[in-house]
Amino acid sequence: MIGVDWGTSSFRAWRMDNQGGIKDRVAAPRGILTVEAGGFPAVLRSLIGPWLDDGENIILICGMAGSRQGWQEAPYLPCPADAAALAGALLPVEFEGRRCFLVPGLSARDPQGVPEVMRGEETKILGLLDRLPPGRSLVLSPGSHSKWALVQDGTVLSFLTQFTGEAYAVLSTHTILARTLDATAPQDWAAFDDGLARARQPGGLLHHLFGLRTRNLFGELTEAAAGSYLSGLLLGHEVASALPEGMTRVFLVGDGAMMARYARALASLGVATTEVPEEAAAAGLWRIGQSLPAL
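The sections below set out a description of the structure shown in this document. A quick note: this is a predicted structure, and the numbers were derived from the prediction, not measured.

This paragraph deals with helix H5 (residues 189-199). Given 3.6 residues per turn, any residue in an α-helix points the same way as the ones three and four places further on. Turning to H5, its buried residues number three or more, namely Ala191, Phe192, Gly195, Leu196 and Ala199. Considered in projection along H5, the buried side chains sweep an arc of 150° and stay on one side of the axis. As for H5, its buried residues are in contact with helix H6 (205-217), helix H7 (223-242) and helix H8 (257-267).

What follows is the structure in structure tokens.
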């Protein structure tokens, strides 16, 4: 079986054996924004052709390839949902006579009834189910739009999205704050911790953001440290608002620098973390595949 995570800016694929083990992998900067209309089959063939020539004929694709801007829109599956429900909602697409499917992604409602959606993160969540204890767990997938998902005994109950990653990008490049920070400076953990501490103080995020500028004006925050301070400030506010009361452990799934930042932000509130590599997406795709009766 072949599993594919096809996002906005990147393409990752895994060739898996009958037990879900990874036999081979491919990664390329061929996200959906690089694919012309009608070009998805040709791009897919160019990236996984040797596996197809070797006899693989089942392909599951998650991520933005199933969005309105992708190969074909796969309607979201409402929560609560598990691997079997996702398998039952797979959208077949024509591809060289193979069995090729798009994973639909999930939808939910926040406590006030506003819609929530995810595409791709659901496979990462399903891929780490073997690591979760019985009962209810909180899974966090950091990113431009971080997802906080409540999972219980293999079922995604609900989730919330935080705009923090994209907010950081905009604030650090397109506002007056960009003139007070050096985006190329290395991580400054002391400044990051200072931002976390500020987020726990009264005043609210918008007031705290302006304080970044004034601290720079008064020589209290250098341009080299300001980016880390801003990151800590934003993550501090996110974690405080998204963390359910009484939750003492969070499962982080992903790769890269954001994992360490979220772990540090959670630790500042006394919350332990367990980190799971982003290749959990491959395990999640395999789990969905095994729920197909004819597989």
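We now examine the side chain of Glu56. Take Glu56: it is sitting in the loop between helix H1 (40-53) and strand E4 (58-62). Here Arg15 takes part through its side chain, which lies 2.8 Å from a polar atom of the side chain of Glu56. Every residue in contact with Glu56, bar those within four places of it in the chain, is listed here: Met1, Ile2, Arg15, Met16, Lys23, Trp51 and Arg98.

Turning to H6, a few remarks are in order. For H6, which comprises 13 residues, the first-to-last C-alpha distance of 19 Å matches the rise-based estimate of 18 Å (1.5 Å per residue) to within 8%. Buried within H6 are the following residues: His208, Leu209, Gly211 and Leu212. Of the residues trailing H6, Gly219 is marked for its positive phi of about 70°.

As summarised here, the arrangement of the six strands in space is E3-E2-E1-E4-E7-E6, forming an open sheet in which the pairing is mixed. Each end of this open sheet is capped by a strand with a single partner; those strands are strand E3 (22-28) and strand E6 (91-93). Here the average twist between neighbouring strands, direction ignored, is 20°. Bridge count for strand E2 (residues 11-16) against E3 is six bridges, and the pairing is antiparallel. Pairing of Met16 across the sheet is with Ile22, part of E3. Where helix H9 (residues 280-290) meets the sheet, its contacts fall on strand E1 (2-6), E2, E3 and E4, and the angle it forms with E2 comes to roughly 55°.

A separate point is the environment of His207. Mapped onto the secondary structure, His207 falls in helix H6. Along the primary structure His207 and His145 are separated by 62 residues, whereas in three dimensions their C-alpha atoms are 22 Å apart.

The next thing to look at is the sheet that holds strand E9 (residues 115-118). In a beta sheet, neighbouring strands pair by backbone hydrogen bonds and run either parallel or antiparallel. The strand order E5-E8-E9 describes an open sheet built from three strands, whose pairing is mixed. Across the chains shown, the open sheet's two edge strands, defined by having one partner strand only, are strand E5 (77-78) and E9. Pairing between E5 and strand E8 (residues 106-109): two bridges, direction parallel. Note on E8: the bridge partner recorded for Pro78 is Ser107.

Evaluated as defined, the whole model comprises twelve salt bridges. A salt bridge links Asp54 to Arg15; its shortest N-O distance comes to 2.8 Å. Of the two residues, Asp54 sits in the loop between H1 and E4 while Arg15 sits in strand E2, which places them 39 residues apart along the sequence. Put simply, Arg98 and Glu96 hold a salt bridge, and the shortest N to O gap is 3.3 Å. A relative accessible area of 41% places Glu96 in the partly exposed class. A cluster of three or more residues bridged by salt bridges with shared partners is formed by Arg45, Asp53, Glu96 and Arg98.

Running from N to C, H5 and H7 point in directions that differ by 35°, and their axes come no closer than 7 Å. Our pair here, H5 against H7, has a crossing hand that is right-handed. Two secondary-structure elements touch here, H5 through Ala191, Phe192, Asp194, Gly195, Leu196, Arg198 and Ala199 and H7 through Ala225, Ser228, Tyr229, Ser231, Gly232, Leu233, Leu235, Gly236 and His237. Residue composition of the contact of H5 with H7, grouped by class: eight nonpolar, six polar and two charged.

About the criteria used
- Residues numbered from 1 in each chain as written.
- Predicted model: local features only at pLDDT ≥ 70, side-chain atom pairs only at ≥ 80, totals over all residues.
- Heavy atoms only, no water.
- Buried < 20%, exposed > 50% of the residue type's maximum accessible area, 1.4 Å probe, protein only.
- Helix = DSSP H or I, 4+ residues; strand = E, 2+ residues; numbered from the N terminus.
- Arc of directions from axis to C-beta.
- Contact = heavy atoms within 4.5 Å.
- Polar contact = N/O pair within 3.5 Å; in protein donor to acceptor, adjacent residues only side chain to side chain.
- Expected span 1.5 Å × (residues − 1).
- Pairing = 2+ DSSP bridges.
- Axes fitted to C-alpha atoms, helices over the stretch in contact; angles between N-to-C directions.
- Salt bridge = Lys/Arg side-chain N within 4 Å of Asp/Glu carboxyl O.
- Left-handed = near helix turned anticlockwise from the far one by under 90°.
- Nonpolar A, V, L, I, M, F, W, Y, C, P; charged D, E, K, R; others polar.

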